[in-house]
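# Structure assessment
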Amino acid sequence: TMTTTSKDTRVPVTILTGYLGSGKTTLVNHILTNKDHGKKIAIIENEFGDVGIDDALMAKNTKEQIEEEIVEMMNGCICCTVRQDLVVVLNKFAGRIASGKLKLDCILIETTGMADPAPVAQTFFVDDSVQEHFRLDGIVTLVDAKHIEQHLDDEKPEGAENEAVEQVAFADRMILNKMDLVDKADVERITARLKSINSSAPIITAEKSKVSVDSVLDIHAFDLKKTVDMDPEFLNTDNEHEHDDTVSSICVVEEKPLDLDALQRWVNYLLVNKGTDLYRMKGVLNVADSEERFMFQAVHMIFNGNFDAPWEPNEKRESKFVFIGKNLDHAELKEGFLACIQTPELVAKRKLALRFAVGDAVECRTADGYVPGKVTQHLYRDDFMPPGVTAPYQIQLDDGKLIWAPEDDDKYIRGKDAQKKAKTEA
């Protein structure tokens, strides 16, 4: 849906991912026992059969057991182990919030070391009940500075994914942990390697998983503006690969306004044909005929986008589009994106493709069935239409009323007496 939302009151959710031993459990323990952050955070452990959080530590800091799997900690945070469907647990939380029994500032979902974060992330785009109460705030990947290179270099059997590479590729933000175990040269080399896989995720450094809660929660990672503010290098990142890693990222920036229709067709094409190889797509787009920014993100084939907020009066209107995935053809992606710029040629081509000429007698489907009228204008737009949308036709009905047809399709507009004129291509 492309709706404009006023202040988003949904609970922000961060997905925490990272290889076994990267320090996720320590980070989670730190959040559950620290009283300084003053936030009510629910931690969902997506652990299947592993013991996640240190039991002794849990016992010492537990205030009460709310349900079999849900525990409230002394500092007001909540810890929950998911052995069932994540959606069930989230809906339980939503119910408690709605009834006033629970107030949450944010949720952190900890995935197992071998888990691909994509299915967890997709839950927030696919399930309506979840989307109504929660918003995916970002994917944070914890990286073990000491061992990450060997994990990235792991040769996997044909057809198997290297989870460490995937986790870096999916990140909106990376925490380079165990900095006390590596030297400056290591850090420079590792950072360059991480950036070659994912150029758009800012990297924060940490020792023993000690990071401020604000750097992992409610980070609005999908708001690319914030990413750019955090990491000005973000846009100069069409880096040549020192590695022949098949996973890479590409970022395109363009000031000219984009054509919504061309954009939707192209993104659709990518999702259908390249969805498995495209791990992530995200962007803030400057769409022609829209005073609002179009924000979107996709995880594999699952896409979520809407016009979210008006451009600020002095804000530079430009589109920023990031792709992360494997076997990406950088030139082809850039070309496809640039082909979505709204040019006079693109508009002319679209007019040519329309079935009816201005002045043609047509019938339009209205609440009273098909009503006769005449085409008065091609590619019509007025201020009452949704942002970015242009109608193929404006029609004056025989009673003098002006209407527009949303699509060039018999469902909405057909030739007079359904005798279609074969429109000769110019």
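The preceding data block contains the structure.
Residues numbered from 1 in each chain as written. Predicted model: local features only at pLDDT ≥ 70, side-chain atom pairs only at ≥ 80, totals over all residues. Heavy atoms only, no water.

## Let's talk about the environment of F321
Looking at where F321 falls in the secondary structure, it is placed in strand 14 (residues 319-326). Separated by 25 residues in sequence, F321 and F296 place their C-alpha atoms 9.3 Å apart. Every residue in contact with F321, bar those within four places of it in the chain, is listed here: I250, C251, V252, W266, V267, M281, K282, G283, L285, F296 and F337. (Helix = DSSP H or I, 4+ residues; strand = E, 2+ residues; numbered from the N terminus. Contact = heavy atoms within 4.5 Å.)

## Let's talk about helix 11 (residues 330-338)
Given 3.6 residues to a turn, an α-helix orients residues that are three or four positions apart in the same direction. Those residues of helix 11 lying buried are H330, L333, G336 and F337. Down the axis of helix 11, the buried set is contained in an arc of 130°. They therefore lie on one face. Looking at helix 11, the residues exposed on the side facing more than 90 degrees away from the buried face are A331 and E335. Where helix 11 begins, one side-chain oxygen reaches toward the backbone nitrogen of A331, 3.2 Å away; that side chain belongs to D329. (Buried < 20%, exposed > 50% of the residue type's maximum accessible area, 1.4 Å probe, protein only. Arc of directions from axis to C-beta. Polar contact = N/O pair within 3.5 Å; in protein donor to acceptor, adjacent residues only side chain to side chain.)

## Comments concerning the packing of aromatic side chains
On inspection of all chains with the given rule, the structure shows ten aromatic pairs. Here W266 and F337 contribute two aromatic rings whose centre-to-centre distance is 6.2 Å and whose plane-to-plane angle is 55°, an arrangement assigned as tilted. Of this pair, W266 sits in helix 10 (residues 260-274) while F337 sits in helix 11, placing them 71 residues apart in sequence. Take W266 and F337: they sit in the same class, and that class is buried. Grouped by ring-pair contacts, the aromatic residues W266, F296, F303, F321, F323 and F337 constitute a single cluster. The ring of Y370 carries R414 above its face, with NZ or CZ at 3.6 Å from the centroid. (Phe/Tyr/Trp six-rings, centres within 6.5 Å; stacked < 30°, edge-to-face > 60°. Lys NZ or Arg CZ within 6 Å of the ring centre and 35° of its normal.)

## What about the pairing of strand 12 (residues 292-299)?
When you tally the buried positions in strand 12, you get eight out of eight residues, the bulk of the element. Where strand 11 (residues 278-285) meets strand 12, six bridges bridge the pair, whose relative direction is antiparallel. The residue of strand 12 that forms the bridge with V284 is M295. Counted between consecutive antiparallel strands, the loop separating strand 11 from strand 12 contains six residues, among which D289 sits at a positive phi close to 60°. Strand direction decides the pairing type here: strand 12 and strand 13 (residues 302-310), joined by eight bridges, are antiparallel. What sits directly across from V299, in strand 13, is I302. (Pairing = 2+ DSSP bridges.)

## Here we look at the packing of helix 10 against helix 11
It is at 10 Å that the axes of helix 10 and helix 11 come closest, and there the two elements cross at 150°. Taken together, the axis directions place helix 10 and helix 11 in an arrangement best described as roughly antiparallel. Here W266, Y269, L270 and K274 of helix 10 come into contact with helix 11, specifically with E332, L333, G336 and F337. Of the residues belonging to the contact of helix 10 with helix 11, the class tally is five nonpolar, one polar and two charged. (Axes fitted to C-alpha atoms, helices over the stretch in contact; angles between N-to-C directions. Parallel < 35°, antiparallel > 145°, perpendicular 65-115°, else oblique. Nonpolar A, V, L, I, M, F, W, Y, C, P; charged D, E, K, R; others polar.)

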